[in-house]
Amino acid sequence: MESSVLVINCGSSSIKYALVPAAADQPRLAGAAERVGSSDAYLKGSDSHGERFEKALPGADHTRALEAILAHLEGRRPAAIGHRIVHGGEHFTKAALIDDAVKAAIETTAALAPLHNPANLEGVAATGKLFPDLPQVAVFDTAFHQSLPPRAFRYALPEALYRDHAIRRYGFHGTSHAYVSERADALSGIQGGWLTAHLGNGCSTCAVWEGHSLDTSMGLTPLEGVVMGTRSGDVDPGLHAHLSRQLGWSLERIDDVLNRGSGLLGLSGLTNDMRELENAAGEGHEGARLAIDVFCYRIAKSLAALSCALPRLDGIVFTGGIGENSPLVREKVIANLPHFGLGLDRIANAETVRGREGRIDGGHPAAPRLWVIPTDEEGRIAAETRQLLEEITA
Ligand code: AMP
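To start, this report covers the structure provided alongside it. Along each chain, residue indices are assigned from 1 in the same order as the chain's sequence is written. Owing to the predicted nature of the model, reporting of local features is limited to residues with pLDDT of at least 70; listing and counting of side-chain atom pairs is limited to 80 or more, with chain, interface and lining totals taken over all residues. Side-chain metrics in this entry use all non-hydrogen atoms of the structure; hydrogen atoms and water are not considered.

## A look at the state of the cysteines
The condition is simple: Pairs of cysteine sulfur atoms within 2.5 Å are identified as disulfides in what follows. Each residue's exposure class comes from its accessible area (1.4 Å probe, protein chains only) as a fraction of the maximum for that residue type: buried when under 20%, exposed when over 50%, partly exposed otherwise.
This model, assessed by the stated rule, comprises zero disulfides. Free cysteine Cys-203: the closest other cysteine sulfur is in Cys-296, separated by 10 Å. Among the residues examined, Cys-203 registers a relative accessible area of 0% and is labelled buried.

Structure below.
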């Protein structure tokens, strides 16, 4: 019987998909429809032999883009659909079978993620039309962080803002932090205390103790925390009023600059792409050097702060496009934590790239471990989908 899960990550103009078989050694079919809803929409992906394809889908909406995705599943019919839903608010502490009540709760939370949750729901509606008889499961980016204690999730704001408007820290990248910390436990043979650093285009850190998130760098929105590709991360909360009063900037402009014009791109004045920044810094580009310096220092600072949440530190885990592939960033982050007693094996650090999993510390028994663990958000969403359906049918 086919027991693949079709994982869907539906944004306002893109749909990422992966057909994840139950057996880890079976090939996945994966790809993405981009620029959905526009005249230059297209679908790209890879087949079961790893061959890549690209196909124009002019004017395709979400439903037509999904139909095109189905045509590339090589006749394989999934047993269930697992949806990545960005914001579950305080409603969801784990994955949920999608029914009318769950859809309504996701809609209610849309005020907290106006760019993401409505687009996620469009994906749910489109797959519901195409697969009316298949179970659909919502897996939330925020759910893993619902174990944060109040001292970590509350802002020092008037209580009514929390009570009446749900303003608090939620955290994101939950499936990634959950996956890599669980993997670090398995690889280390302990239920550990880990600091996990998900460093991709979006970046966040997390403190995980015995499988539970105790604190994380992102907050009410995915803008809080460390420096990211185009997002500023933490700034003085007085900045918005200053830009508005002194420069006459609108809220929309401030939001746009902090989300799309800041971070590595803003600091370097060059690009949000770490590979390009490393090359430019090597050629003496001052902005690129500064961007990498600020990026690495702020990650170290965030990890040091989050270590306060852990009763014991067993190690640090690097993941995400940058965390998995940049020995330079890992080395600079570790160099900024001299008092943590970390040892870096330079050869292992240089060699652990391009999807390799491994330890990059010197192996000293008293020193915290340093792991590089490629994340697998699709695999985790498929696993949570499968687990929920098993619980329901048990
Ligand atoms: P993600 O969002 O997880 O796909 O990560 C994207 C980021 O990973 C971009 O900043 C890329 O430049 C970065 N990245 C990918 N490969 C490398 C590499 N070999 N060296 C440095 N950064 C990389």
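Now that the structure has been shown, we can carry on.
## Digging into the site of the ligand
For clarity, the cut-off: For this description, a residue counts as near a given molecule or strand if any of its non-hydrogen atoms is within 4 Å of it. What qualifies as a polar contact is a pair of N or O atoms within 3.5 Å, subject to a donor-acceptor requirement within protein and to the restriction that residues adjacent in sequence count only when both atoms come from side chains. Per-residue and other accessible areas follow the Shrake-Rupley method at a 1.4 Å probe size, with only the shown protein chains counted as cover for residues. By the criteria applied, helices consist of DSSP H or I runs no shorter than four residues and strands consist of E runs no shorter than two, each listed in order from the N terminus.
The environment of the ligand is formed by Gly-200, Asn-201, Asn-272, Asp-273, Met-274, Arg-275, Glu-278, Gly-320, Gly-321, Ile-322, Asn-325 and Ser-326. With respect to the ligand, the backbone of Gly-321 contributes an N or O atom lying 2.9 Å from an oxygen atom. Notes on the ligand: free accessible area 510 Å², of which the protein chains cover 71%. Broken down by element, the shell around the ligand gets its largest block of residues, four residues, from helix α12 (residues 320-325).

## Focus: the sheet that holds strand β6 (residues 80-85)
Rule in force here: Pairing between two strands is assigned when DSSP locates at least 2 bridges connecting them. Throughout, a contact is declared for two residues whenever any of their heavy atoms are within 4.5 Å. For helices, the fitted line uses only the C-alpha atoms of the stretch in contact; every axis is such a line through C-alpha atoms, and the angle between N-to-C directions lies from 0 to 180 degrees.
The strand order across the open sheet built from eight strands is β5-β4-β3-β2-β1-β6-β8-β7, with neighbouring strands paired in mixed fashion. The open sheet has two edge strands, β5 (52-56) and β7 (96-97), and neither has a second partner. Here strand β1 (residues 5-10) runs beside β6; their pairing, made up of four bridges, is parallel. Looking across to β6, one finds that Leu-6 is bridged to Ile-81. Contacting β1, β2 (15-20), β6, β7 and β8 (136-140), helix α15 (residues 377-393) runs over the sheet at an angle of about 125° to β6.

## A few points about the nonpolar core
Soluble globular proteins tend to pack their nonpolar side chains together in the buried interior. Here is the rule: Throughout, nonpolar core names a set of buried Ala, Val, Leu, Ile, Met, Phe, Trp, Tyr and Cys residues whose side chains join them through atoms within 4.5 Å.
Ranked by size, the top nonpolar core spans 42 residues in total, and within it Leu-199, Phe-295 and Val-333 carry the most contacts. Elements with a minimum of two residues in this core: β9 (193-199), β10 (203-209), α10 (274-282), α11 (286-306), β12 (315-319), α13 (327-335) and β14 (369-372). Examining the composition of this core, we find that nine residues originate from one element, α11, more than from any other. What Leu-199 contacts, discounting residues up to four positions off in sequence, is Phe-295, Ile-299, Phe-318, Thr-319, Gly-320, Gly-321, Ile-322, Gly-323 and Val-329. Grouped together as the second largest cluster of nonpolar side chains are 23 residues, Leu-19, Leu-29, Ala-65 and Ile-81 included.

On their own, these measurements won't tell you what the molecule is for.
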